[in-house]
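Topology and contacts: notes
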Amino acid sequence: MFKKRSLNFFFNHAKLAGNKHKARRIRLFSRILKTGVFFSGHQTDRLIKNLHFYLREDGFITTVASGHDAILLSLQALGIKPNSEVIFPVNSYPTAFPITLSGAKAIPVDVDKNGQMDITAMKKKITENTRAVVLVHLYGNTTDIEAVTSYLSNKNIFFIEDVAQAFGTRFKGKHVGTFGDISCFSFYPTKNLGTVGDGGAIWTKHKYLYDYIVKAKSYGEGVRYFSEFIAGHSRMPELQAGILNLYFSSIEKDFARRKNVRSYYLQGVNDVNLSSVARPLGSNANSDPVPHLFVLDVPNRDSLRKFLKKYGVESHIHYPTPIHLVPAFSFLGYKKGDFPVAEKLSERILSLPFHQGLSHKAIDYILSAVREFYRLHTRRIK
């Protein structure tokens, strides 16, 4: 018989991150205050070195204020014009905003059953005006990246990777974020590698794009107070960079824990006989994902979510509305039914509690609660 339990074994991600390396973070903050250097100092230089070492791929890296700015500045570096088209998956809510703000014409495409960009649909949207394709590695998973790079290799189209949710994930042994012309990273607190505020980074294989972005993130300056073009600013604070440097000291252990949590969830879906109603969203067979979320495709999602909340289990939806149905993007001219797979997923996906400190005991309780809901409401689990 399923019983509501005390939830003192649940930890939210913010609390977990807040306790991590607590004493070291306090000492770090004190040192930064004493230096009086709050931007573009030693910690930022060290972070760039850590990113180079971790990604293990030749290229150029600069830090920015956020993952949003990383995409915006990357697109601006491509010389976006009013007729420039940028393709992206229709279910990736945050990605649509910097694409639109860059001045490009946003071209959404449908996704596959795992919420990753449908490569066949992408190919159909390519035109003579296509300037870039933004591939979003949603949930820490990925699609067949080689199929994308192969198709774009002989075309004058830039390949941008949105790695906001997938830092650490590999495809055929190589880190995502090193396949494209440009890759954009977010270090928002809940990300696989997250700081205690906003932060982002850009990796590119092209020196001329790097040179532009470095200027564009600081008023278009090649020399201080001598701007070559009009631009804003996008700076990662030294404190945020320093905290990320601390986290690099345990990054492999942290990522191993995230993988363990995902594996236990997957095992549990089968062990409690949930597979007949609950389908975990997966990654390409050639990938080794560092998961950002654990997402199920389930029937009666909204009712399940209410049931879980009643039993102390918080859940989320990433994301509840495909971008073409969001009011702010009505100007794109699409209607309900234009992206059927993404629309169906948006009505069924549910993100269960997920972080690297989640215990097996907690996962057992969460999945038992899911099973109890379907036992009571559908009778599909015996």
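Refer to the structure above for everything that follows.
Residues numbered from 1 in each chain as written. Predicted model: local features only at pLDDT ≥ 70, side-chain atom pairs only at ≥ 80, totals over all residues. Heavy atoms only, no water.

1. Topic: the pairing of strand 3 (residues 105–109)
Put simply, the rule is: Throughout, exposure labels follow a simple rule: accessible area from a 1.4 Å probe, protein chains only, divided by the maximum for the residue type, with under 20% read as buried, over 50% as exposed, and the rest as partly exposed. Note on conventions: DSSP H or I runs of at least 4 residues are helices, E runs of at least 2 residues are strands, and numbering of each starts at the N terminus. For two strands to count as paired, DSSP must find a minimum of two bridges between them.
Along strand 3, four of the five residues are buried, which leaves the element largely enclosed by surrounding structure. As paired strands, strand 2 (residues 85–89) and strand 3 are joined by five bridges and run parallel to one another. Its bridge partner being in strand 3, Pro89 is matched across the sheet by Val109.

2. Regarding the side chain of His318
Applied cut-off: N or O atoms closer than or at 3.5 Å make up a polar contact, with two conditions inside protein: a donor-capable atom paired with an acceptor-capable one, and, for residues adjacent in sequence, both atoms drawn from side chains. Residues are treated as being in contact if the distance between any of their heavy atoms lies within 4.5 Å.
Following the sequence through the fold, His318 ends up in the loop between helix 11 (301–310) and helix 12 (340–346). For His318, the side chain forms a polar contact with the side chain of Ser351, separated by 2.8 Å. Other than its neighbours up to four places away in sequence, His318 contacts Tyr139, Leu293, Ile349 and Ser351.

3. Focus: helix 3 (residues 42–55)
An α-helix turns once per 3.6 residues; consequently, residues spaced three or four apart project the same way. As a reminder of what qualifies: To estimate the expected span of a helix, count its residues, drop one, and scale the result by 1.5 Å. By arc we mean the arc of the directions from the helix axis to the C-beta atoms, nothing more.
Between its first and last C-alpha, helix 3 extends 20 Å over 14 residues, near the 20 Å set by a 1.5 Å rise per residue. Those residues of helix 3 lying buried are Gln43, Thr44, Leu47, Ile48, Asn50, Leu51, Tyr54 and Leu55. Here the buried residues of helix 3 occupy an arc of 160° about the axis, which is enough to place them on one side. Opposite the packed face of helix 3, turned more than 90 degrees from it, sit the exposed residues His42, Lys49 and Phe53. Positive backbone phi, at 55°, marks Arg56, one or two positions downstream of helix 3.

4. Concerning the sheet that holds strand 13 (residues 287–288)
Taken together, three strands build an open sheet; the order of strands is 7-6-13 and the sheet is antiparallel. Either end of the sheet is taken by a strand with one partner, and the two such strands are strand 7 (174–175) and strand 13. As judged from the two bridges shared by strand 6 (residues 170–171) and strand 7, these two strands associate in the antiparallel manner. Among the inter-strand pairings, Arg170 is bridged to a residue of strand 7, identified as His175.

5. Examining the packing of helix 4 (residues 67–77) against helix 8 (residues 207–216)
Counted only if it meets this: Only the stretch in contact is used when a helix axis is fitted, and all axes are lines through C-alpha atoms; the angle between N-to-C directions ranges over 0 to 180 degrees. Small angles under 35 degrees read as roughly parallel and large ones over 145 as roughly antiparallel, with 65 to 115 read as roughly perpendicular and the rest as oblique. Handedness of a crossing is defined here by the sense of rotation of the near helix relative to the far one, left-handed for an anticlockwise turn of less than a right angle and right-handed for a clockwise turn.
Between helix 4 and helix 8, the shortest axis-to-axis distance is 9 Å and the interhelical angle comes to 125°. Between helix 4 and helix 8, the crossing angle belongs to the class labelled oblique. Crossing angle aside, the handedness with which helix 4 passes helix 8 is right-handed. Where helix 4 approaches helix 8, its residues Leu73, Ser74, Gln76 and Ala77 are matched on the opposing element by Leu209, Tyr212, Ile213 and Ala216.

6. Comments concerning the pairing of strand 9 (residues 200–204)
When you tally the buried positions in strand 9, you get five out of five residues, the bulk of the element. Across the two faces of strand 9 the burial is the same, with Gly200, Ile202 and Thr204 and Ala201 and Trp203 all buried. Direction of pairing for strand 1 (residues 60–64) relative to strand 9: antiparallel, over a ladder of five bridges. Note that in strand 9 the partner of Ile61 across the bridge is Trp203. As defined by bridge partners, strand 8 (residues 182–186) adjoins strand 9 across five bridges and the pair is classed as antiparallel. Bridge pairing in strand 9 links Ser183 to Trp203.

7. Remarks on the sheet that holds strand 8
With respect to topology, seven strands assemble into an open sheet ordered 1-9-8-5-4-2-3, the strand pairing being mixed. Of all the strands in the sheet, just strand 1 and strand 3 have a single pairing partner and so form its edges. Adjacent strand axes in the sheet meet at a mean angle of 20°, parallel and antiparallel pairs treated alike. Strands in contact with helix 4 are strand 1, strand 2, strand 4 (130–136), strand 5 (158–162), strand 8 and strand 9; relative to strand 8, the strand with the most contacts, it is inclined by about 160°. Sheet strands in contact with helix 8 are strand 1, strand 5, strand 8 and strand 9, and its direction is about 20° off that of strand 1.

8. A short note on the packing of aromatic side chains
Note the following rule: The pairing test for Phe, Tyr and Trp rings, Trp by its six-membered ring, is centres within 6.5 Å, and the orientation test on the planes gives stacked under 30 degrees, edge-to-face over 60, and tilted for anything in between.
The tally for this structure, following the rule as stated, stands at 19 aromatic pairs. Residues Phe167 and Phe248 carry aromatic rings whose centres are separated by 6.4 Å and whose planes lie at 80° to one another, so their mutual orientation is edge-to-face. With a gap of 81 residues between them, Phe167 in the loop between strand 5 and strand 6 and Phe248 in helix 9 (residues 238–248) connect regions that are remote in the sequence. Considered together, Phe167 and Phe248 belong to a single accessibility category, that of buried residues. Between the aromatic rings of Tyr212 and Phe229, the centroid separation amounts to 4.7 Å while the plane-to-plane angle is 0°, which identifies the pairing as stacked.

9. Section: the side chain of Gln116
Tracing the backbone through its elements, the reader meets Gln116 in the loop between strand 3 and helix 6 (119–125). The contact partners of Gln116, leaving out residues within four places of it in the chain, are Val111, Val136, His137, Leu138, Asn141, Thr142 and Thr143.

10. What about the environment of Lys123?
The residue Lys123 is located in helix 6 in this model. With a relative accessible area of 36%, Lys123 lands in the partly exposed category. Taking the C-alpha atoms as reference points, Lys123 and Ile157, 34 residues apart in sequence, are found 12 Å from one another.

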